Amino acid sequence: MKGGSRRADGRRRRLYVPVLPVALVLSPLLLLAVPAGLVACRRFRVSPAGALRGSRQLLWALPGTRFEIEEGRTALQVRIR
């Protein structure tokens, strides 16, 4: 039996991660991220509204995005639909 991220027939294994439960689990981090983001904006003299617009544009571009990372025998593929 082969190890790694491929099935016996050679196809890649797919890992589906439900977005809503992950977002709910990570939501307490927003309590730390928002003030840290505001401090970073003030420190680097960036408009918080401009940073928010840039973040929104980044998130808007995500649907349909596909990331593939391969390192040796390990492969990771992430699709955001």
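Since we're looking at a predicted model, the values are computed, not measured.

Procedures and definitions
- Residues numbered from 1 in each chain as written.
- Predicted model: local features only at pLDDT ≥ 70, side-chain atom pairs only at ≥ 80, totals over all residues.
- Heavy atoms only, no water.
- 1 Å grid on protein atoms, 1.4 Å probe; cavity = no way out; pocket = protein on both sides within 12 Å on 5 of 7 lines; lining within 4 Å.
- Points joined across faces, edges and corners; volume = space filled by probe spheres on them.
- Helix = DSSP H or I, 4+ residues; strand = E, 2+ residues; numbered from the N terminus.
- Nonpolar A, V, L, I, M, F, W, Y, C, P; charged D, E, K, R; others polar.
- Expected span 1.5 Å × (residues − 1).
- Buried < 20%, exposed > 50% of the residue type's maximum accessible area, 1.4 Å probe, protein only.
- pLDDT = per-residue confidence, 0-100.
- Patch = residues over 30% accessible without salt bridge, like charges linked within 9 Å, V, L, I, M, F, W, Y side chains within 5 Å.
- Areas by Shrake-Rupley, 256 points an atom, 1.4 Å probe, with all protein chains shown as cover.
- Salt bridge = Lys/Arg side-chain N within 4 Å of Asp/Glu carboxyl O.

### With respect to the layout of surface pockets
- For the second largest pocket, the calculated volume is near 260 Å³.
- In this structure, the second largest pocket is lined by Leu30, Ala33, Val34, Gly37, Leu38, Cys41, Pro48, Ala49, Ala51, Leu52 and Ser55.
- Listed by contribution, the elements that provide at least two residues to the lining of the second largest pocket are helix 2 (30-43) and helix 3 (48-61).
- Broken down by element, the lining of the second largest pocket gets its largest block of residues, six residues, from helix 2.
- Split into classes, the residues belonging to the lining of the second largest pocket amount to nine nonpolar, two polar and no charged.

### With respect to unusual backbone geometry
- Non-glycine residue Arg45 carries a positive phi angle of around 55 degrees.
- Along the polypeptide, Arg45 turns up in the loop between helix 2 and helix 3.

### Here's the deal with helix 3
- Its 14 residues place the ends of helix 3 20 Å apart at the C-alpha level, agreeing with the 20 Å of an ideal helix rising 1.5 Å per residue.
- Buried residues are scarce in helix 3, accounting for zero of its 14 residues.

### A short note on the confidence of the model for the protein
- Averaged over every residue, the pLDDT of the protein is 78; the share at 70 or more is 84%.
- By mean pLDDT, strand 1 (residues 65-71) is the weakest element of the protein at 69, and helix 2 is the strongest at 91.

### Some remarks on helix 2
- In a regular helix each residue adds 1.5 Å, so 14 residues correspond to 20 Å; helix 2 covers 19 Å between its end C-alpha atoms and thus fits that length.
- One or two positions beyond helix 2, positive phi appears at Arg45, with a value near 55 degrees.

### A few points about a nonpolar patch on the surface
- Together, Leu15, Val17, Val22, Val25, Leu26, Leu29 and Leu32 give the surface a local cluster of nonpolar side chains, amounting to about 710 Å² of exposed area.
- Considering each element in turn, the nonpolar patch owes the most residues, three residues, to helix 1 (residues 19-26).
- For Leu32, the location among the structural elements is in helix 2.
- For Leu32, a relative accessible area of 62% translates into the label exposed.

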